[in-house]
Amino acid sequence: SSGINAEYGGQHQGVYGFPHCPGPWWICREVDKLLNMGAYTDFVQSRLVQAQYWHDPLDEEKYRKKSRFIGEINQEGTIRPEYKTNLLKLANLTLIKFTKDSMVTPRESEWFGFYKPGQDKELMTLQENPALWDEDRLGLRQLSEEGRLEFLAVEGDHLQVPEKVWLDEIIPRLKD
């Protein structure tokens, strides 16, 4: 094993929504329209990074076929054994979820959870995901069984880590 990794509020299963757009209102409105109309088109996928994290639970088949990043990296289509091999090289992986995250929807994506397929209300955990847990396509179940996968909930909004949490919870996990 080599390396310790802490993932802070990562959208591991993607997002379904574009909150807190940083641009002028008219640009944000257009970005929302693009995502809703064509997040999986080649044009949008190649020009808008947010679209590469787009995971439409209402159209899982399209997501698996067209996602250029999040679907591909999670092995939703083509299985690449080297992804699992590389993740299993980590000595430890800590997934940090922000309990009041207003940027990542759903925030359970920060722990590899997401909406159950076909709807956007009911959630499933990583452990309920057949591809990622039962088939262990990324090695997350193996990491967990070996005590090398940790889940940390941090009170607050996206990437807002109080100093005490850094000192007491995160820095000790980063030491070999």
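Everything quoted here is computed from the prediction, not taken from an experiment.

Concerning the pairing of strand S2 (residues 92-98)
Part 1: With 7 of 7 residues buried, S2 lies mostly within the body of the structure.
Part 2: Of the two faces of S2, the one lined by Asn-92, Thr-94, Ile-96 and Phe-98 and the one lined by Leu-93, Leu-95 and Lys-97 are each fully buried.
Part 3: Inspection of the sheet shows S2 paired to strand S5 (residues 149-154) by 6 bridges, in the parallel sense. Along S5, the bridge assignment pairs Lys-97 with Ala-153.

Notes on unusual backbone geometry
Part 1: Going from Thr-105 to Pro-106, the amide bond is cis rather than trans, its omega being 0°.
Part 2: Positionally, Pro-106 belongs in the loop between S2 and strand S3 (114-115).
Part 3: The phi angle at Phe-112 is positive, at roughly 65°, despite the residue not being glycine.
Part 4: Judged by its relative accessible area of 8%, Phe-112 falls in the buried class.

Observations concerning the pattern of salt bridges
Part 1: Going through the model one piece at a time under the given rule, you end up with 12 salt bridges.
Part 2: A salt bridge links Glu-60 to Arg-64; its shortest N-O distance comes to 3.7 Å. With a gap of 4 residues between them, Glu-60 and Arg-64 both fall in helix H4 (residues 60-66), about one helical turn apart.
Part 3: For Glu-72, the salt bridge goes to Arg-80, with nearest N and O atoms at 3.1 Å.

Calculation criteria
Residues numbered from 1 in each chain as written. Predicted model: local features only at pLDDT ≥ 70, side-chain atom pairs only at ≥ 80, totals over all residues. Heavy atoms only, no water. Buried < 20%, exposed > 50% of the residue type's maximum accessible area, 1.4 Å probe, protein only. Helix = DSSP H or I, 4+ residues; strand = E, 2+ residues; numbered from the N terminus. Pairing = 2+ DSSP bridges. Salt bridge = Lys/Arg side-chain N within 4 Å of Asp/Glu carboxyl O.

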